[in-house]
Amino acid sequence: MAKYILNRVLVAILTMFVLATATFFLLRIIPGDPFAGPKVIPEIKERLRIHYGLDKPLVEQYFIYMGNILRGDFGYSLAKRGHRVNDVIKDAFPQSLDLGIRAMIMSIIFGIFFGIIAALNRGKPLDYLTVILVLIGISVPSFVVAALLQYFFGVYLKILPVARYDTFWHTLMPAFALSLGTMAVLARYMRASMLEVMTADYIKTARAKGLRNTQIVIRHQIRNALFPILTILGPAIAMVLTGSFIIESIFAIPGLGRHYVLALQNLDYTLVMGLTLFFGFFLIVMNLLVDFTYGIIDPRVRHTRN
Amino acid sequence: MDNEKLLDVKNLTISFHTYVGEVAAVRNVDFYLKKSEVLAIVGESGSGKSVSTQAILGLTPIPPGEIKSGKILFKHEDLLKFDEKEMSKICGSQISMIFQDPMTSLNPTMKVGNQIREVLHQHTDISRRESRERVIELMTLVGIPEPEVRINQYPHELSGGMRQRVMITMAMANRPDILIADEPTTALDVTIQSQIFRLLKELRTEFETAIILITHDFGVVAGIADRIVVMYAGKVMEEGETDQIYYKPRHPYTVALLKAVPSLADNEEQKLRTINGIPPFLLNIPPGCPFADRCDYAMRICKEKEPQYFQFEDNKRVFCWLYHDQAAGQFQRFKDREGRLQ
Amino acid sequence: MSDSEQQLFTPLDRSEKVGPILETETIAFWSDVWRRFRRNKPALIGIIIILLFVIFALFGPSMLPYRYDKVDLSSTYRVPSSEHWFGTDALGRDIWCRIWIGARVSLFIAIVSALSQMIIGIIIGSISGLSGGKIDMIIMRFVDILIAIPFLIWVSMFLVVLGPGIQSIILAFSLTQWKGMARLVRGETLRLKETEFAIAAKAMGASTWRLIRKHIFPNVLPVVIVSATFQVTNAIFAEAFLSYIGLGIQPPMTSWGKLVASGIAEMRSFPYMLFIPAVFISFTMLSLQLIGDGLRDATDPKMRQ
């Protein structure tokens, strides 16, 4: 078990390292000099020069860069009056986190629920309905859904606010729009997992022991069907994260995703790289946590890792 | 031992509707079981042996399966007429079943102790503390070492033989009248095999449980079975007492099966004797005896009409035209050739 | 006892025993796949829809007498009518033409990206699988690192550096999305390495390239095609996202993503500008999903009877 954990942590660290290196080099191959471009405010040019060591040889710059990152300093924004990337993160991350958590909770609860319902009613109308909803959830791009929701509930019916993120009601539409894609994927996987478990031998044994159908479903089926779902939690988190870019933009939520999109549009290179690093690190850590959880919860993994 | 039949399966016919057609897995099968006796059902894969016994516990998947006719009488009631609720009262308490592969037949994410306790709590009012003790008692009885440790382990932490013992514990926990063992040792080592069979015999003596043993291997049956039913292609080919089947087999299929068992008396060069051909697809059943194409003694009538059952005393019968008056000549050939077994 | 009855009891000779009729249809693999695929109605509907879209993408713009980039400030924001089947946009450009030109762009990007991902993925995957040992480990670690960052983020990063435009988009997609395919191919390669074919071929001195071509490629193709189908959906989505941000296709050229983006902006007053491209994107993604699922089921060895 310890070996497993150690292995995953090492890979995670290696990945972060390679990512940081990649951002460093990408910053350097942008045609023209990003640090001297028209977007850069003269006042902060000096600060940038010092921070990134722009007048020093490349190798030294690299070490400075990596050193900064190790200290948790993601650099300076080019466009925003010399704001540090860290400040942007500090301001915007809480909103994104809040939105993301709401969306994840929604997708997990509803996704798994619909998946179970569909599997239990296989072949019957309820199953087909769920399958269709899932297909719609996967096919319709999240921004379309977001825009439609905004139009319908915000403009047409005028019952929900369309921008910003101040009250509970503000969170409803964005969280829902963000959750749809992941919800659909989770429902699909849960349904497939349940169906696979249904035909397992130990279900036959349970029946031969005299257990009634409901008992079998709850005690044996759902439990075992949930395990494989853990393995796609990691990608699901990634989906929610990238989804937030669009949803935050459409609903004008001052979150990290929106800042990222603005940075891309403004060609604020350092901010882009800084945020990319942050997102990357965040996801790597999340994936690590999911791996650990799976390793702890699944008894098969727990005991064979010796 | 009283003469009453504990379980009486009459005229059982089960088909499966697949998208290539209707597969007749079990065709007009009869067999019975008396109190405390061990009945062995022997046959190749696809002979219908598993399907018929699963029907006893209501385990036949109803679509695509269909029970087209028959009665399964247990304590004077027809189990086929029971609904899910009534069946669930019988399964695991009066009739139990263990399956071929204990690895896949146990829930991999549940401690084995809890899986055994589940069957106790399902059918009795036992308390949680009592059930834990009872499980330890049972595991000791069944020969599982260190039960206090094992009770908290998961199936993948146990060896194959141990897992099968756990299955047996689950099955015997409520002292059922009947235990159905579907190829209990096929997935296990030969050495474990004999241990498991010895255990089953002990349990039969201790609890007076009747056992239906399903197997494809004639080699294991002799030491444990009282009576034998030989099935092929969904039909009963021969039925009789163990001694008689081994020393005086009546059906050419039975003879062939017995010959296929390698014997210690064979010399090393002896090739493994197999039966030519393969069992028929049960999709479009040709008329006549299903074994005709592989039988060394087949006659014209065997391809045209299904045989009758010829009865010898009340628990011995055979499904073969050789026993018709008119087949005397062919029957003599059969007796001469297979004489060493008679 | 009659003679005919007596007849019945005569022994059968060998010739009269007919063995069981074995269904030995040696169907070629791909016709079997097609057969199974055909039975999957939703997948067929998917193919029909895609075909329709492709046909319209090719011939649609010529059905109306407008050019997709013709600005006509006198007829801006027209609702769909008999003159402009899909209405006009803020600059008076006909949307029907723009939709189908946009279709060409989106589909082109998606398919070219998917193809290049396939090629890169197959090459890298098979090299990794065949080499085994250190090279394999290094390549796989590299892939793991690529996978750690979501596709959209990689692509955004690349585009910020490369600048917008069709070539950049295709380049960015191709460079970053081959990882999934490479993994699949590697898995298959490892499996195939153990078969006698590969060992025999190697023994006969077959070169690596030949091994890839003759043995790995045909066996890996089914999985790869299924994966590629789903990659196309990712590409379409990504292109739409990039266009929304502004990093994608530049005007006057348009794509479905750009049309949706402008639709979102005008949504309040002119909802048709959003609905129309949204419907097309959704149906395309839906059809691709169905086709992908159908292909997956049709090529799944476990489902063969």
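Just so you know, these numbers come straight off a predicted model, no measurement behind them. (Residues numbered from 1 in each chain as written. Chains lettered and ligands numbered in written order. Predicted model: local features only at pLDDT ≥ 70, side-chain atom pairs only at ≥ 80, totals over all residues.)

A closer look at the pairing of strand E2 (residues 21-34) of chain B
Residue and element names in this part refer to chain B. Condition: A pair of strands is labelled paired if DSSP reports no fewer than 2 bridges between them. A helix here means a DSSP run of H or I that spans at least four residues, while a strand means a run of E at least two residues long, and both kinds are numbered starting from the N terminus.
Taken together, the 10 bridges between strand E1 (residues 5-18) and E2 define a ladder with antiparallel strand orientation. Bridge pairing links histidine 17 to glutamate 22 in E2. Connecting E1 to the antiparallel partner E2 that follows it, the hairpin turn spans 2 residues.

Some remarks on the interface of chain B and chain A
Often, the extent of an interface is quoted as the loss of accessible area upon association of its parts. Condition: A residue pair is marked as a contact if its C-beta atoms, positioned from the backbone, fall within 7 Å. Classification used: nonpolar for Ala, Val, Leu, Ile, Met, Phe, Trp, Tyr, Cys and Pro, charged for Asp, Glu, Lys and Arg, polar for all others including Gly.
Taken together, the contacts link 26 residues of chain B with 20 residues of chain A. For the side of chain B that touches chain A, the secondary structure elements donating two or more residues are helix H2 (84-90), strand E6 (95-98), helix H3 (102-105) and helix H4 (112-123) of chain B. Among the elements that take part in the side of chain B that touches chain A, H4 of chain B stands out by supplying 4 residues, more than any other. In the side of chain B that touches chain A, the residues fall into 10 nonpolar, 11 polar and 5 charged.

Considering the sheet that holds E1 of chain B
Read from one edge of the open sheet, 4 strands run E2-E1-E4-E5 (chain B), paired in antiparallel fashion. Looking at strand neighbours, the two that pair on one side only are E2 and strand E5 (77-78) of chain B, the edges of this open sheet.

Here we look at the environment of alanine 225 of chain A
Residue and element names in this part refer to chain A. Take alanine 225: it is sitting in helix H9 (residues 213-231). Distance in space between the C-alpha atoms of alanine 225 and tyrosine 189 is 9.3 Å, their sequence separation being 36 residues. In this structure, alanine 225 is in contact with Met190, Ser193, Met194 and Val197, ignoring residues within four places of it in sequence.

Remarks on helix H1 (residues 49-56) of chain B
Residues and elements named next belong to chain B. Using the following cut-off: For the exposure call, what matters is how many other C-beta atoms sit within 10 Å of a residue's own: 20 or more marks it buried, 12 or fewer exposed, and in between partly exposed, using C-beta atoms placed from the backbone.
Among the 8 residues in H1, 8 count as buried, and that is most of the element. Within H1 the residues assigned to the buried category are Lys49, Ser50, Val51, Ser52, Thr53, Gln54, Ala55 and Ile56. Looking one or two residues beyond H1, the residue adopting positive phi is glycine 58, at roughly 70°.

Some details on the pairing of strand E3 (residues 38-42) of chain B
Remember that side chains alternate between the two faces of the sheet whenever the strand is regular. All names here are of chain B. Buried residues dominate E3, accounting for 5 of its 5 residues. The two faces of E3 match: Val38, Ala40 and Val42 on one face and Leu39 and Ile41 on the other face are all buried. Summarising the sheet, E3 and strand E8 (residues 210-215) pair through 5 bridges and their orientation is parallel. Note that in E8 the partner of alanine 40 across the bridge is leucine 213. Sheet analysis places E3 next to strand E9 (residues 227-232), joined by 4 bridges and oriented parallel. Along E9, the bridge assignment pairs isoleucine 41 with valine 229.

Regarding the environment of aspartate 89 of chain C
Residue and element names in this part refer to chain C. On the secondary structure map, aspartate 89 appears in the loop between helix H3 (41-59) and helix H4 (95-131). You can call aspartate 89 buried: it has 22 C-beta atoms within 10 Å. Through-space distance from the C-alpha of aspartate 89 to that of proline 150 is 34 Å; in sequence the pair is 61 residues apart. With residues near it in sequence (within four places) discarded, aspartate 89 still touches Ile95, Ser262 and Met273.

Topic: the packing of helix H4 (residues 85-120) of chain A against helix H12 (residues 269-297) of chain A
All names here are of chain A. Which entries qualify depends on this criterion: Axis geometry follows a simple rule: fit a line to the C-alpha atoms, using only the stretch in contact for helices, then measure angles between N-to-C directions, giving values from 0 to 180 degrees. Any angle between 65 and 115 degrees counts as roughly perpendicular, while under 35 counts as roughly parallel, over 145 as roughly antiparallel, and the rest as oblique. A crossing counts as left-handed when the near helix is turned anticlockwise from the far one by less than a right angle, and as right-handed when that turn is clockwise.
Direction vectors running N to C along H4 and H12 enclose 55°, while the axes themselves pass 10 Å from each other. The orientation of H4 with respect to H12, classified from their angle, is oblique. Classified by chirality, the crossing of H12 by H4 is right-handed. For the pair H4 and H12, the contacting residues are Val85, Val88 and Ile89 in the first and Leu271, Gly274, Leu275 and Phe278 in the second. Considering only residue class, the contact of H4 with H12 consists of 6 nonpolar, 1 polar and no charged.

Brief notes about the interface of chain C and chain A
The partner chain A presents 34 residues to the 30 residues of chain C that form the contact. Secondary structure elements with two or more residues in the side of chain C that touches chain A: helix H5 (133-148), helix H6 (151-162), helix H9 (208-245), helix H10 (256-265) and helix H11 (272-299) of chain C. The dominant element in the side of chain C that touches chain A, judged by the number of residues it contributes, is H11 of chain C, at 7 residues.

A closer look at the sheet that holds E9 of chain B
Residues and elements named next belong to chain B. Taken together, the 8 strands give an open sheet; going across it, the order is E6-E7-E8-E3-E9-E10-E12-E11, and neighbouring strands pair in mixed fashion. What marks the edges here is a single partner per strand, and that holds for E6 and strand E11 (309-312). Taken over all neighbouring pairs, the strand axes of this sheet differ in orientation by 20° on average, direction set aside. Judged from the 2 bridges that link them, strand E10 (residues 235-241) and strand E12 (residues 316-319) form a sheet pairing that is antiparallel. Looking across to E12, one finds that glutamate 239 is bridged to arginine 317.

Considering the nonpolar core
The condition is simple: Defined on buried residues, the nonpolar core groups Ala, Val, Leu, Ile, Met, Phe, Trp, Tyr and Cys residues joined through C-beta atoms within 7 Å.
Core analysis: the biggest nonpolar cluster contains 148 residues, and Ala146 of chain A together with Val260 of chain C have the highest contact counts within it. Not counting chain neighbours up to four residues away, the residues in contact with alanine 146 of chain A comprise Ala177, Ile246, Ile247, Ile250 and Phe251 of chain A. In terms of nonpolar packing, the next biggest core, distinct from the first, is built from 101 residues, Val38, Leu39, Val112 and Val135 of chain B among them.

A look at H4 of chain B
Within an α-helix, residues lying three or four positions from one another point in the same direction, as the helix has 3.6 residues per turn. Residue and element names in this part refer to chain B. Summarising burial for H4: 9 of the 12 residues are buried, a large majority. Taken as a whole, H4 has its buried residues at Val112, Gly113, Gln115, Ile116, Arg117, Glu118, Val119, Leu120 and Gln122. Summarising the contacts, the buried residues of H4 are in contact with helix H5 (128-142), helix H6 (147-150) and helix H7 (160-172).

Notes on the confidence of the model for chain C
Going by this rule: What pLDDT conveys is the predictor's confidence in a given residue, as a value from 0 to 100.
Taken over all residues, the pLDDT of chain C has a mean of 79, while the share at 70 or more is 84%. Scored as a complex, the prediction yields pTM 0.83 and ipTM 0.84.

Quick notes on unusual backbone geometry
Leaving glycine out, the prevailing phi sign among residues is negative, and the prevailing peptide bond configuration is trans. A positive phi is found at alanine 252 of chain A, a non-glycine position, where the angle reads about 50°. Among the secondary structure elements, alanine 252 of chain A is positioned in the loop between helix H10 (233-250) and helix H11 (256-266). Residue alanine 252 of chain A is classed as partly exposed on the basis of its 13 C-beta neighbours within 10 Å. Although it is not a glycine, glutamate 208 of chain B adopts a positive phi angle of roughly 55°. Mapped onto the fold, glutamate 208 of chain B is located in the loop between helix H8 (190-207) and E8.

Comments concerning the environment of phenylalanine 245 of chain A
Residue and element names in this part refer to chain A. Within the secondary structure, phenylalanine 245 sits in helix H10. When the C-alpha atoms of phenylalanine 245 and valine 261 are compared, they prove to be 6.5 Å apart, with 16 residues separating the residues in sequence. The residues contacting phenylalanine 245, other than those within four sequence positions of it, are Gly257, Tyr260 and Val261.

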